[in-house]
Amino acid sequence: MKLLHFADLHLGIENYGAINPRTGLSTRVDDFLAALDRIIDVAIAEEVDAVLFAGDAFKNRDPSPTLQRAFASRIRRLAAAQVPTVLLIGNHDLPSISARATAIEIYEALEIPGIHVARSTRAFEVQTKSGTLQIVALPWVSRSHLLTREELRELETSELQRRVAELISSSLKELAEELNAANPAVLLAHISVEGARLGSEQSIMLGHELVLSREELSADRFDYVALGHIHQHQAISEHPPIVYAGSPERIDFSEEREDKGYVIVEIDQTVSPRKPDWSFHALPARPFRTLKLTARSEDPMAEIERLIERRAADIEGAVVRLSVAVPAEREELVRVDEVRRLLHAAGASWVARVVRDVEVQHRPRVDIRDEEALNPETMLARWLGTRQLPDEQRNKVRDLGVGLIRTLRERADT
């Protein structure tokens, strides 16, 4: 049985993009749709048994009709190709009021064959061409939804998280115990799991997000655990595989060095116990480039132009930011608008920022005794000792300085 697992599409993100006059959409929305198109192309071409989407279809809970239409046309392709698809609800999909529907639930209401929507924690079966696939769905756990329960409403944050973890763990354990061992089983979850490395979703660090352990997930009862929510692709465990697919496109510069893509999972049903094999497949995501340059010459713009020429291959098609370290006395020689023009001319899709990082000269502290302060030659020697000068230049400055001191002294004596 072959499965395709992806997550965190966040359709509607427009950071670092302009309006495409042909589509009327942000060029960044075009990027995310192109990534989704490639994923669907693979699913159809490789005849996967099912597509598992682990949550966060849209950037926010109220996507525009245009974005909903774009997403729906892609889902229709999967339905037309008879590829069973499971759509999990993530935190960005949930409305603030739990009684309201999400933008994803329209597919459930329309009863489109082969399209399954999971908003609640539950177990269900998906019929594929290779047999029955069992899914246990764990969508995003909404804090506001939890606080509708009277027994949880008065709890402090840490106690609330502990109690919620217990409730989820108990529910998953019950559902896992009801699974049919004869058929493959997948846990599809939009959640934070212990041991995950953070991507752009940094809220775990704030201490207010629920984080579950492998044991609380009942992970050992499943052939594969398909995760969404954290944008950085990673495997938390190999036995069984507990895998974040990551997002299919870069969101911002915090994801500059992350590969983006999807996961293909193959479960061999002819052996017992089943041994799933999985592999990550990178997509040609929009590159983000951070360029840094120290320009100390008398013509910093020439240095910047040489850097841009040297890095032209990296700049082509990328979202770029450039930081130029420059001495304070040459700050005005770095012309920001001209730098932006050079970057666009080199093929940058978007120039996020050009920063002049002015080097402030820190004067070294020199302890001076009273008798030294009265001797100009000694002070000159002490000052030269704080400067990084070639010997020839140092000697020239010393000789000129001593000559000047003596001339002024002679004039004062006459």
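Per-chain numbering applies: the sequence of each chain, read as written, is numbered from 1 onward. Only residues with pLDDT of 70 or above have their local features reported here, since the model is predicted, and side-chain atom pairs are shown and tallied only from 80 upward, although totals for entire chains, interfaces and linings are computed over all residues. Derived side-chain values reflect all non-hydrogen atoms in the structure, with water molecules and hydrogen atoms excluded from consideration.

Caption draft 1: Here's a closer look at the nonpolar core. Within the largest apolar cluster, 38 residues are counted, with the highest numbers of intra-cluster contacts made by Leu4, Leu11, Phe71 and Ile104. Elements are defined by DSSP. Helices are runs of H or I of four residues or more, strands are runs of E of two residues or more, and each kind is numbered from the N terminus. Counting residues per element, the ones that place at least two in this core are strand S1 (2-6), helix H1 (27-45), strand S2 (50-53), helix H2 (65-80), strand S4 (115-118) and strand S13 (261-266). Per-element accounting of this core gives the leading share, nine residues, to H1. Those residues in contact with leucine 11, other than ones at most four positions away along the chain, are Val29, Phe32, Leu33, Ala57, Phe58, Lys59, Leu67 and Phe71. Joining through side-chain atoms within 4.5 Å is the link that ties buried Ala, Val, Leu, Ile, Met, Phe, Trp, Tyr and Cys residues into a set, and such a set is a nonpolar core. Remark: exposure states derive from per-residue accessible area (1.4 Å probe, protein chains only) relative to the maximum for the residue type, with buried under 20%, exposed over 50%, and partly exposed in between. Among the nonpolar cores identified, the runner-up in size contains 26 residues, and Val164, Ile168, Val225 and Ile242 belong to it. It only takes one pair of heavy atoms within 4.5 Å for two residues to be counted as in contact.

Caption draft 2: Up close: empty space enclosed by the protein. Space inside and on the surface of the protein is sampled on a 1 Å grid over the protein atoms alone, with a cavity defined as a set of points where a 1.4 Å probe fits but cannot get out and a pocket as an open set with protein on both sides within 12 Å along at least 5 of 7 lines; lining residues have an atom within 4 Å of a point. Grid points are joined across faces, edges and corners, and a volume is the space filled by probe spheres set on the points. Inspection of every chain in the model, using the stated rule, returns one cavity of 30 Å³ or more. Its boundaries defined by the atoms lining it, the largest cavity holds a volume of some 40 Å³. Lining the largest cavity, in full, are Phe6, Leu36, Ile40, Val51, Phe53, Arg74, Ile75, Leu78, Thr85 and Leu87. Secondary-structure elements contributing two or more residues to the lining of the largest cavity are H1, S2, H2 and strand S3 (85-88). For the lining of the largest cavity, the element with the most residues is H2, which contributes three residues. Residues of the lining of the largest cavity, tallied by class, amount to eight nonpolar, one polar and one charged. Amino acids outside the nonpolar list (Ala, Val, Leu, Ile, Met, Phe, Trp, Tyr, Cys, Pro) and the charged list (Asp, Glu, Lys, Arg) are all regarded as polar, and Gly is one of them.

Caption draft 3: Examining helix H12 (residues 391-413) more closely. Compared with an ideal rise of 1.5 Å per residue, which puts 23 residues at 33 Å, H12 spans 33 Å between its outermost C-alpha atoms and is within 8% of the ideal. Looking at the packing, one finds that the buried side of H12 touches helix H11 (376-385). The span you would expect from a helix comes to 1.5 Å times its residue count less one.

Caption draft 4: A look at the side chain of aspartate 30. Within the secondary structure layout, aspartate 30 lies in helix H1. Put simply, aspartate 30 is tucked away with no salt bridge, and the nearest opposite charge, on arginine 22, sits 5.3 Å away. A polar atom in the side chain of aspartate 30 sits 3.5 Å from the side chain of threonine 23. The convention is simple: Lys and Arg are positive, Asp and Glu are negative, and His and the chain ends are not counted. Throughout this description, the term salt bridge denotes a Lys or Arg side-chain nitrogen within 4 Å of a carboxyl oxygen of Asp or Glu. Under the rule applied, a polar contact is a pair of N or O atoms within 3.5 Å (in protein, one hydrogen donor and one hydrogen acceptor; residues adjacent in sequence only if both atoms are side-chain atoms).

Caption draft 5: Representation of the packing of aromatic side chains. Stacked, tilted and edge-to-face are the three classes assigned to paired rings of Phe, Tyr and Trp, where Trp is represented by its six-membered ring and a pair needs centres within 6.5 Å; plane angles under 30 degrees give stacked, over 60 edge-to-face, the rest tilted. All chains considered together, the criterion is met by six aromatic pairs. Measuring from centroid to centroid gives 4.8 Å for phenylalanine 6 and phenylalanine 53, while their planes differ by 45°, and the two rings are tilted. Placement of the pair is phenylalanine 6 in strand S1 and phenylalanine 53 in strand S2, with a sequence separation of 47 residues. Comparing phenylalanine 6 with phenylalanine 53, the two get one shared label, buried. Judged by centre distance (5.6 Å) and plane angle (80°), the ring pair of tyrosine 16 and phenylalanine 253 falls under edge-to-face. With tyrosine 16 in the loop between S1 and H1 and phenylalanine 253 in the loop between strand S12 (241-244) and S13, the pair connects residues that are 237 residues apart, well separated along the chain. Among the residues examined, tyrosine 16 registers a relative accessible area of 25% and is labelled partly exposed. What links up through ring pairs into an aromatic cluster is the set Tyr16, Phe253 and Phe288.

Caption draft 6: Layout of the pairing of S1. The buried fraction of S1 amounts to five of the five residues, a majority that puts the element mostly inside the structure. Neither face of S1 is open: one carries Lys2, Leu4 and Phe6, the other Leu3 and His5, and all of them are buried. Bridging between S1 and S13 involves four bridges; their strand directions are antiparallel. Note on S13: the bridge partner recorded for leucine 3 is valine 265. Looking at chain direction, S1 and S2 are connected through four bridges and run parallel. Two strands pair under a simple rule: DSSP has to find at least two bridges between them.

Caption draft 7: Looking closely at the packing of H1 against H2. To obtain an axis, a line is fitted to C-alpha atoms, over the contacting stretch when the element is a helix, and the angle between two such axes runs from 0 to 180 degrees between their N-to-C directions. Running from N to C, H1 and H2 cross one another at 10°; their axes reach a closest spacing of 10 Å. Between H1 and H2, the angle is such that the two are roughly parallel. Here Val29, Leu33, Leu36, Asp37, Ile40, Asp41, Ala43 and Ile44 of H1 come into contact with H2, specifically with Leu67, Ala70, Phe71, Arg74, Arg77 and Leu78. To sort the angles, those under 35 degrees are grouped as roughly parallel, those over 145 as roughly antiparallel, those from 65 to 115 as roughly perpendicular, and the leftovers as oblique.

Caption draft 8: Structural detail: the sheet that holds strand S16 (residues 319-327). The three strands lie next to each other as S15-S16-S17, forming an open sheet whose pairing is parallel. In the strand order of this sheet, the two ends are held by strand S15 (288-294) and strand S17 (350-359), each with one partner. For this sheet the average axis-to-axis angle between neighbouring strands, irrespective of direction, equals 15°. Bridging between S15 and S16 involves seven bridges; their strand directions are parallel. Directly across from leucine 293, in S16, lies its bridge partner valine 324. Against the sheet, helix H7 (residues 300-310) touches S15 and S16, its axis set at about 145° to S15.

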